[in-house]
Amino acid sequence: MSSSPDTSGHSASPAVRFFSGENIPLEMHKVRVVQKLSLPPIEERLSAIRRAGFNTFLLKTRDVYLDMLTDSGTNAMSDVQMGAMMQADDAYAGSQSFERMQAAIEEVFGKRLVLPVHQGRAAENVIFRSYVKAGDLVPMNYHFTTTLAHLELNGAKIAELLHDEALQVKSTNPFKGNMDIAKLRHAIASHGVQNVPLIRMEASTNLIGGQPFSIANLREVAQVAKEAGILLLLDASLIGENAWFIKQREPEFQQASIASILHEMCALADIVYFSSRKVSSSRGGAICTNRPEVFDKLKVLVPLFEGFLTYGGMSVREIEAMAVGLRETTDDTIISQSPSFIRYLVERLEALGIPVVTPAGGLGCHVDAGGFLPHIPQAEYPAGALAAAFYLISGVRGMERGTLSSTRDSYGNDILADAELLRLALPRRVFTLSQVKYVEDRLHWLYTQRELVGGLRFVEEPSVLRFFMGRLEALSDWPEKLMQAFKRAFGDSL
Ligand SMILES: *Cc1c(COP(=O)(O)O)cnc(C)c1O
């Protein structure tokens with residue numbers, strides 16, 4: 001069985017220069033299976049976003065034209081992955097599919113002890129339950145929503161140790177995801193090393209705009225962890241893109257293969273975990289390590305929460321797709337597709353004066369809702385308002401990544417997010433360039449009408465991860481006004 005993609009001849013950068021001088025990312029794939037889309041008229045979109053409580057998570061895809069909510073489980077599958085799924089070995093225990101997944105993880109990440117889990121947050125549950133106790137501190141470059149929720153569930157606190165300028169929207173810093181080593185040393189010393197069980201580094205730091213860290217920085221973090229006897233935990237959910245940025249931006253690795261960069265990154269960490277929904281277009285996830293004592297400690301919880309040690313809640317087809325998807329992560333032309341489309345969109349929007357996070361990162365284009373809608377205070381959720389307004393005028397579904405995705409303090413006040421972002425995810429090899437240009441065009445128009453957009457307030461607010469299921473309402477009749485402006489501008493165009 002051939003489960004490994006043809007990666008020969010991919011050592012050179014896939015960039016093709018155009019005679020016109022234009023900087024157009026070229027697709028190195030062709031479309032063979034398609035899904036029909038529709039774009040409902042704006043009146044229907046207004047009813048749909050109302051029904052969804054102004055929360056794009058609660059929209060139905062039949063009401064959505066381009067689904068840019070997330071890259072989670074939405075990257076396109078390759079023909080090789082689909083082929084492998086047909087050859088899965090269905091067994092409760094001892095499945096050959098699991099052996100193939102284990103082999104792929106060892107090949108790509110260099111870790112031979114593997115625990116399967118049903119998705120990324122399940123890995124967090126298993127790891128934090130095993131290693132974290134109440135009162136502990138877990139330093140990290142930056143949190144992810146599910147990571148923070150699981151750590152809080154175990155009574156721990158986090159320290160986010162990015163460099164101060166990493167949260168500036170506009171920047172030329174190639175590695176905004178780097179950890180500030182002086183802050184790390186200080187956090188460990190002041191909290192007491194015995195209360196710091198783990199240091200967590202997240203590849204392509206999701207919530208600050210898919211921003212990478214450098215290997216030089218990871219080496220320093222690993223050195224501190226080693227000196228202090230603390231385990232270094234790598235969240236590898238978006239590791240492929242981080243490796244791609246290292247190759248592009250870290251001079252030492254210009255000539256290195258993505259495969260060797262991935263090895264170098266993982267070798268520095270004691271425990272690597274990932275959501276396969278992101279990294280390999282499949283479902284599921286895994287925890288991997290080369291330390292037997294870590295493996296033995298973690299494995300106890302897998303049958304309890306996930307499933308037997310050879311499937312961990314995943315179907316064997318997903319396991320096969322993961323194995324192939326992980327190997328495909330080492331292919332430049334595959335891993336660079338999403339970042340190059342994102343860069344294209346970010347550069348176009350920047351040229352139009354629309355505030356976006358720079359440099360362009362992984363995962364999606366991040367529009368700075370704070371800069372887009374400066375008249376909306378953070379307590380009225382500007383990023384949520386922008387997500388709702390953009391859906392209304394385009395049928396494109398993005399995701400709020402701002403105060404709405406945050407929580408409240410013990411006095412019931414919103415903990416204001418460091419940045420108010422509308423994330424427009426560009427899952428790998430899913431959208432065409434004309435669709436990206438449509439996004440650019442509609443965002444451009446919305447920017448000219450930005451004063452029409454108003455704020456939101458909660459009408460139903462869950463106490464945990466409220467952004468998933470919470471419902472809101474508009475603080476005025478701004479959605480109707482925006483619809484009327486759209487109809488004046490575009491007539492009977494959808
Ligand atoms: C998505 C994600 C997770 C959680 O993974 P799920 O599969 O959604 O549970 C954890 N960390 C990062 C960085 C992620 O992007």
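Predicted model, so just to flag it, every value in this text is computed and none were measured. (Residues numbered from 1 in each chain as written. Predicted model: local features only at pLDDT ≥ 70, side-chain atom pairs only at ≥ 80, totals over all residues. Heavy atoms only, no water.)

Draft legend 1. The arrangement of the overall build of the chain in detail. Across its full length, the chain holds 20 helices and 14 strands. Its C-alpha radius of gyration of 22 Å places the chain within 12% of the 23 Å reference for a compact globule of 494 residues. Judged by the C-alpha coordinates and their principal axes, the chain covers about 65 × 55 × 45 Å. Expressed as a percentage of its 494 residues, the buried residues of the chain come to 58%. Sequence-distant contacts in the chain: of pairs separated by 6 or more residues, those separated by 24 or more amount to 73%. Carbon and sulfur atoms make up 52% of the accessible area of the chain, which amounts to about 20000 Å² in all. Across the chain, 50 positive and 56 negative side-chain charges occur, with their mean positions spaced 3 Å apart. (Helix = DSSP H or I, 4+ residues; strand = E, 2+ residues; numbered from the N terminus. Rg over C-alpha atoms; globule rule 2.2 N^0.38 Å. Buried < 20%, exposed > 50% of the residue type's maximum accessible area, 1.4 Å probe, protein only. Contact = heavy atoms within 4.5 Å. Areas by Shrake-Rupley, 256 points an atom, 1.4 Å probe, with all protein chains shown as cover. Lys, Arg positive; Asp, Glu negative; His and termini not counted. Charge placed at Lys NZ, Arg CZ, Asp CG, Glu CD.)

Draft legend 2. Unusual backbone geometry, seen in detail. Following Thr 358, the chain continues into Pro 359 via a peptide bond in cis, with omega recorded as -5°. Its place among the elements puts Pro 359 in the loop between α15 (337-351) and β9 (364-368). The phi torsion at Phe 54 lies on the positive side, around 55°, for a residue other than glycine. Note that Phe 54 resides in the loop between α1 (42-51) and β1 (66-67). Its identity is not glycine, yet Tyr 381 carries a phi of approximately 55°, on the positive side. Counting through the fold element by element, Tyr 381 comes out in the loop between α16 (369-372) and α17 (382-394).

Draft legend 3. Structural context of the pattern of salt bridges. The full count for this structure, using the stated rule, is 29 salt bridges. Each member of the salt-bridge network shares a partner with another, and the members are Arg 408, Asp 414, Glu 461 and Arg 466. (Salt bridge = Lys/Arg side-chain N within 4 Å of Asp/Glu carboxyl O.)

Draft legend 4. Highlighting the domain arrangement of the chain. What the domain assignment reports for the chain is domain 1 (15-71 + 334-490) and domain 2 (79-330). Counting from both sides, the interface comprises 27 residues of domain 1 and, opposite them, 34 residues of domain 2. When domain 1 packs against domain 2, the two sides together hide about 2500 Å² of surface, and 55% of this comes from carbon and sulfur. Among the residues domain 1 hides against domain 2, the three largest losses belong to Ile 335, Pro 359 and Arg 428. Together they make up 23% of the total. Counting every contact that joins domain 1 to domain 2 gives three salt bridges. With its nearest N and O atoms 3.1 Å apart, the salt bridge here joins Lys 170 to Glu 350. In this structure, the connection of domain 1 to domain 2 is made through eleven residue pairs in polar contact (both at pLDDT 80 or more). Of all the elements in the fold, those that place two or more residues in the side of domain 1 that touches domain 2 are α14 (332-335), α15, β9, β12 (421-425) and α19 (466-469). Partitioning the side of domain 1 that touches domain 2 into residue classes produces twelve nonpolar, six polar and nine charged. (Domains from an automatic or database assignment. Buried area = accessible area lost by both parts, 1.4 Å probe. Polar contact = N/O pair within 3.5 Å; in protein donor to acceptor, adjacent residues only side chain to side chain. Nonpolar A, V, L, I, M, F, W, Y, C, P; charged D, E, K, R; others polar.)

Draft legend 5. Spotlight on a nonpolar patch on the surface. On the surface, Val 16, Phe 18, Leu 26 and Met 28 cluster together into a nonpolar patch covering about 330 Å² of accessible area. Tracing the sequence through the fold places Val 16 in the segment before α1. (Patch = residues over 30% accessible without salt bridge, like charges linked within 9 Å, V, L, I, M, F, W, Y side chains within 5 Å.)

Draft legend 6. Geometry of the sheet that holds β12. Read across the open sheet, the three strands follow the order β9-β12-β11; overall the sheet is antiparallel. The sheet is open, and its two borders are formed by β9 and β11 (399-401), each paired with just one other strand. For this sheet the average axis-to-axis angle between neighbouring strands, irrespective of direction, equals 30°. Of the pairings in the sheet, the one linking β11 to β12 comprises three bridges and is antiparallel in character. Of the residues in β12, the one forming a bridge with Glu 400 is Leu 422. (Pairing = 2+ DSSP bridges. Axes fitted to C-alpha atoms, helices over the stretch in contact; angles between N-to-C directions.)

Draft legend 7. Structural context of the site of the ligand. The environment of the ligand is made up of 13 residues, and the closest members are Gly 120, Arg 121, Asp 235, Ser 275 and Lys 278. In this structure, an oxygen atom belonging to the ligand sits 2.9 Å away from a side-chain N or O atom of Gln 119. For the ligand, whose unbound accessible area comes to 380 Å², protein coverage reaches 98%. Per element, the largest residue contribution to the shell around the ligand is three residues, and it comes from helix α4 (residues 120-131). (Near = heavy atom within 4 Å.)

Draft legend 8. Examining the confidence of the model for the chain more closely. For the chain, mean pLDDT is 95; residues scoring 70 or higher make up 97% of the total. For the stretch residues 1-13, pLDDT sits under 50, and the model shows 18 contacts to residues farther than four places along the chain or on other chains. (pLDDT = per-residue confidence, 0-100.)

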